[in-house]
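In case you want the letters, here they are:
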Amino acid sequence: MNVNDLSNAYGRFSDDYREYVISNPRAPRPWFNYMWNDDYAGLVSHTGGGFSFLTCPRDNRVTRMRYNALPWDRPGRYVLLKDVESGEWWSLSWQPTGDLDYDHYECRHGQGYTKITTERRGVRATLTYFVPLDVNAEVWRVSLENLTDKPRSFELYAFTELVMGNALNDLINQANDKHFSDIRYDRSRDTIVATRRYWVLNKKASVAQSNLAWENVAYFTLTDKPTGFDGSLDAFIGRWRSEANPIAVERGVMGDTEIDAGEPVVALQTKFLIAPQEKKDLAAILGVASKDSSDPYADLDWSALRKVETLDAKLAALKADWDDRLGRVRCETPDPAFDAMINVWNHYQAAVTFDMARNAGYYHGGLLFGTGMRDQFQDILGVVMSRPERVRARILNALRYQFADGSTLHNFFKMIDHGERTHHSDTPLWIPFGVVEYLNETGDFSVLDERVPFHDEGESSVYDRVVRALDFAYSATTERGLPKIMTGDWNDTLDYVGPKGKGETVWGAFFLAYVTRKSFPLFEKRGDKESLARMRDAYDRLAATIEKQCWDGDWYVRAFKDDGESIGSKNREQGQLFLNAQSFAVLSGVAPPDRAKRALESCVERLTTPYGMKICDPAFRKVEDDVGLISRCVPGKKENGAVFNHASAWFALAALEAGDVETGWSVYKKMLPPNSSSDVDRYEIEPYVYSEYVTSPEHPTANQASHSWLTGSAVWMLRTGVDRILGFKTSFDGVTIDPHIPRDWRGFTATRVFRGVTLTLRVENPNGVERGVARMTIDGEPAESNVIAIDAYEKNALYIEATLG
């Protein structure tokens, strides 16, 4: 098997896996990519669609996206090219002129950029979208080549629709919202300047009117001198027309409209001649700067940005940054799908989730829920390997949303510093989880003494926050000692199990035990004997309660309702077996070996599909008001019986930890996007990143996937691949080399940068075993164990050879 075996009817991975190459634009859905820096971000599809925002996709949207638009994926960032002699025009990104015939189309999604190449009417065009690392702007870099033997005269039109503020208000109150747009043309700088006099920044729905202006100004320009502009969408597009046939393009004359009300657009025209067999390079730039700036043009480095060579240098810097990030983990194994994901796309997707949470995507529109606390700490698992300094800053910022009693907001909006306190039972526990994982990677124990304010009053150290989160979780238990489920746990659709405060979460009990045990080394390192003893006792008592109350004969139940009735029991008609409780029975160390083995076997028997593990079985086909939204979801999709990839990833990890490598690898391999998307027309979404779920055989559309990119599956699949399969298991003490691989792998090589030291690992498996390091050398010297104490080596690189047996 090689990289060519991972192709489908619409695209393939490049030979080095760094780009996903789409050769047929009529994909089953828009296939997206991301371009972003620390503040400015955008989604871009394979046809130029998507939207951009600054900091927050709801409150500070820059460009517009119409949800559920027909045609799909409108509007976008469009560049139209018009042949003056023939009067014909077409889009350089295929859409919105997809009804035309193109001689060639190719889209290459890379890390932080998307490059679309088309050929039509003797013109080869390349349009590259990217966001520079150091400027809050997006670049649409255009290269045109006249393939004919005659000179050609062209007009080029670059345009996109604006929001400039609250995207939800733009969606639901557009008729009123459009009265506050200000768009002018700065003739001294050949730049459209756009802002708004009214900005909705409410913390909740209210009839009260905000009395704010948008705090930013958007700028749009070309590297060539514009020959016309429009700020009015109506004037540019015309009546009863669309982005495919703007009246201004048809006439070849812009309206030069400046507006103080109406639908906003930034549209620029330029004209030029291209000699036979010659090229033309130019770019459009959309930037955003603060109104408070004394010189926004200087902040945006506007003069430099308007030079093509400057833009090309910034694209090169972006690619170099990703060379460095992806270079932190590399592998060469017998499985190209595994290599494609671990070397590039899984790591890249984890970086996207770190910055976008579940809040800025094609499926997660960024309008309702803001940034989740659970995701803030869970999503560090990927980025901590390449950018630990960003994770440190993330931890300190997110802890501002913890209360003095140890509880937290469940989600928040960055710009209004406000969120919901929903009482999901698991949310506070992700704090100790994230802090310990940061320490495992970095050994930076100084972070524990940093002081952070609480969301209500007072402040305390990061270490104290870990203890408080655990103490709160143990205080929020029922009389018999199981965590209250309240409004839900990780499974948000079990939201009516315990509204009276008596319902219990069994998965939450396992997760509490898992995080408690994970924190033991921290208490030991800190010398906090009191907390260590107290938490060991709490863990033991919780484990005993679980074993007494929650075993159902072949698996553990999932929860108990307010009235004490169990969920996830063989005695029930629907929802008899839930995956997560079994996975964390193993991961927490609570389940005795016989029960752990039987629980995992039950999952294999009942929940296995060709695409991964179902989250529960059988799916709910009758509504149960005292269970929750899960019973209202269609059977086989979402949390109601789908292959929920996040949960399936946990099961793969649990099987590997339990020593069942065959099962763990089988599930992991099925889930790899190039494999689960083998029937791509049924699968539909991007075959290069994980989706939230894949429809299970409980529904007629089995194997249809949805909600790509923004899923916790990304970090868990990445770390399971790196830590358990390749075998780089991190801890406070260093790295344990312990691969868990399929028997038919006779070896592999891998590189992992850990605390500044490059570890090069060569594994040989001559006897076809699945695990167990029989002997190991470090720089040619026999190692006493497979644990590498990094601090003991005053080197920046180590070469490790390990033989399994």
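The structure presented is a predicted model; accordingly, all values stated were derived computationally and were not measured.

The next subject is the side chain of Gln111. Along the polypeptide, Gln111 turns up in the loop between β9 (104-109) and β10 (113-120). Residue Gln111 is classed as buried on the basis of its relative accessible area, which comes to 2%. Within the local environment of Gln111, its side chain forms a polar contact with the side chain of Arg18, the two groups lying 2.6 Å apart. Once residues lying within four places of it in the same chain are set aside, the contact partners of Gln111 are Arg18, Leu318, Trp322, Leu326, Val344, Trp345 and Tyr348.

Moving on, we come to the sheet that holds strand β20 (residues 329-332). Reading across the sheet, the 6 strands line up as β20-β38-β39-β43-β40-β41 and stay open at both edges, with mixed pairing between neighbours. A single partner strand is all that each edge strand has here, and the edge strands are β20 and β41 (781-782).

The residue after Arg74, namely Pro75, is reached through a cis peptide bond having omega -15°. Mapped onto the secondary structure, Pro75 falls in the loop between β6 (61-63) and β7 (78-83). Of note, the bond from Gln95 into Pro96 is cis; its omega dihedral lies within 30 degrees of zero at 10°. In this structure, Pro96 sits in the loop between β8 (89-91) and β9. In this model, Lys638 sits at a positive phi of 50°, which is unusual for a non-glycine residue.

In this section: the sheet that holds strand β16 (residues 216-222). In a beta sheet, neighbouring strands pair by backbone hydrogen bonds and run either parallel or antiparallel. Read across the sheet, 10 strands follow the order β1-β2-β9-β10-β11-β12-β19-β16-β15-β14 without closing on themselves; strand pairing throughout is antiparallel. The open sheet is flanked by β1 (11-13) and β14 (181-186), the only strands paired with a single partner. Between one strand axis and the next, the sheet turns by 15° as a mean value, whatever way the strands run. Summarising the sheet, β1 and strand β2 (residues 20-22) pair through 3 bridges and their orientation is antiparallel. Looking at β2, one finds that Gly11 is bridged to Ile22. Set on the sheet, helix α7 (residues 308-326) makes contact with β10, β11 (123-130), β12 (137-146) and β19 (279-290); between it and β11 the angle comes to about 60°.

Let's shift gears to the packing of helix α13 (residues 462-475) against helix α15 (residues 529-549). Closest axis-to-axis distance for the α13/α15 pair is 12 Å, and the angle between their directions is 30°. Overall, the two elements α13 and α15 adopt an arrangement that is roughly parallel. The handedness of the crossing between α13 and α15 is left-handed. Contact residues: α13 offers Tyr463, Val467, Leu470, Asp471 and Tyr474, while α15 offers Ser531, Arg534, Met535, Ala538, Tyr539 and Leu542.

Glancing now at the pattern of salt bridges. Tallied over the full model, the rule gives 77 salt bridges. For Arg18, the salt bridge identified is with Asp323, shortest N-O distance 2.9 Å. Taken together, the positions of Arg18 in the loop between β1 and β2 and Asp323 in helix α7 put the pair 305 residues apart, joining distant regions of the chain. Overall, the relative accessible area of 18% leaves Arg18 in the buried class. Its relative accessible area of 45% is what places Asp323 among the partly exposed residues. Across the pair Arg374 and Asp426 runs a salt bridge whose closest N-O atoms are separated by 2.8 Å. Placement of Arg374 in helix α9 (residues 373-378) and of Asp426 in the loop between β23 (418-420) and α12 (430-442) is noted, with a sequence separation of 52 residues between them. Residue class for Arg374 comes out buried when judged on its relative accessible area of 8%. Look at Asp426 and you get buried, because its relative accessible area is 1%. Taken together, the salt bridges that share partners define one network made up of Arg64, Arg66, Arg74, Glu161, Asp170, Glu243 and Glu263.

Applying the stated criterion across every chain yields a total of 0 disulfides. Sulfur of Cys550: no disulfide; nearest cysteine sulfur belongs to Cys603 and is 15 Å away. You can see Cys603 has no disulfide; the closest cysteine sulfur is in Cys616, sitting 11 Å from it.

It is worth spelling out the packing of aromatic side chains at this point. Under the criterion given, the structure shown has 53 aromatic pairs. Summarising the aromatic geometry, the rings of Trp345 and Tyr348 are spaced 5.6 Å apart at their centres and angled 80° between planes, so their arrangement reads as edge-to-face. Residue Trp345 and its partner Tyr348 are located together in helix α8 (residues 336-356), separated by 3 residues, close to a single helical turn. Taken as a pair, Trp345 and Tyr348 share a single burial class, namely buried. An aromatic cluster is built from Tyr10, Phe13, Tyr17, Tyr20, Trp31, Tyr34, Trp36, Trp322, Trp345, Tyr348, Tyr688 and Trp709, whose rings are joined through pairwise contacts. The ring of Phe51 has Arg61 lying over it, and the distance from NZ or CZ to the ring centre is 3.8 Å. Residue placement shows Lys319 over the ring face of Tyr113; its charged tip is 4.7 Å from the ring centre.

This paragraph deals with the pairing of β19. Each regular strand shows side chains that alternate between the opposite faces of the sheet. Judged by how many residues are buried, β19 sits mostly within the fold: 9 of 12 residues are covered. Bridge analysis of β12 against β19 gives 9 bridges, and the strand direction is antiparallel. Paired with Glu145 across the two strands is Lys279, which belongs to β19. With 7 bridges connecting them, β16 and β19 associate as antiparallel partners. Bridge assignment links Ala218 to a residue of β19, and that residue is Val288.

Moving on, we get to helix α11 (residues 388-398). Each turn of an α-helix holds 3.6 residues, which means side chains three or four residues apart point in the same direction. Three or more residues of α11 are buried, namely Val391, Arg392, Arg394, Ile395 and Ala398. Each buried residue of α11 lies within a common arc of 160° when the element is viewed along its axis, so the set occupies one face. On its buried face, α11 sits against α8, α9, α10 (380-383) and α12.

Mapped onto the elements of the fold, Gln269 is located in strand β18 (residues 264-274). According to the relative accessible area criterion, Gln269 is buried, its value standing at 2%. Excluding anything up to four places from it in sequence, Gln269 contacts Glu155, Leu156, Tyr157, Leu222, Pro226, Thr227, Gly228, Gly252, Val253 and Met254. Engagement of the side chain of Gln269 in a polar contact is seen with the backbone oxygen of Gly252, the distance being 3.1 Å.

Conventions adopted
Residues numbered from 1 in each chain as written. Predicted model: local features only at pLDDT ≥ 70, side-chain atom pairs only at ≥ 80, totals over all residues. Heavy atoms only, no water. Helix = DSSP H or I, 4+ residues; strand = E, 2+ residues; numbered from the N terminus. Buried < 20%, exposed > 50% of the residue type's maximum accessible area, 1.4 Å probe, protein only. Polar contact = N/O pair within 3.5 Å; in protein donor to acceptor, adjacent residues only side chain to side chain. Contact = heavy atoms within 4.5 Å. Pairing = 2+ DSSP bridges. Axes fitted to C-alpha atoms, helices over the stretch in contact; angles between N-to-C directions. Parallel < 35°, antiparallel > 145°, perpendicular 65-115°, else oblique. Left-handed = near helix turned anticlockwise from the far one by under 90°. Salt bridge = Lys/Arg side-chain N within 4 Å of Asp/Glu carboxyl O. Disulfide = S-S within 2.5 Å. Phe/Tyr/Trp six-rings, centres within 6.5 Å; stacked < 30°, edge-to-face > 60°. Lys NZ or Arg CZ within 6 Å of the ring centre and 35° of its normal. Arc of directions from axis to C-beta.

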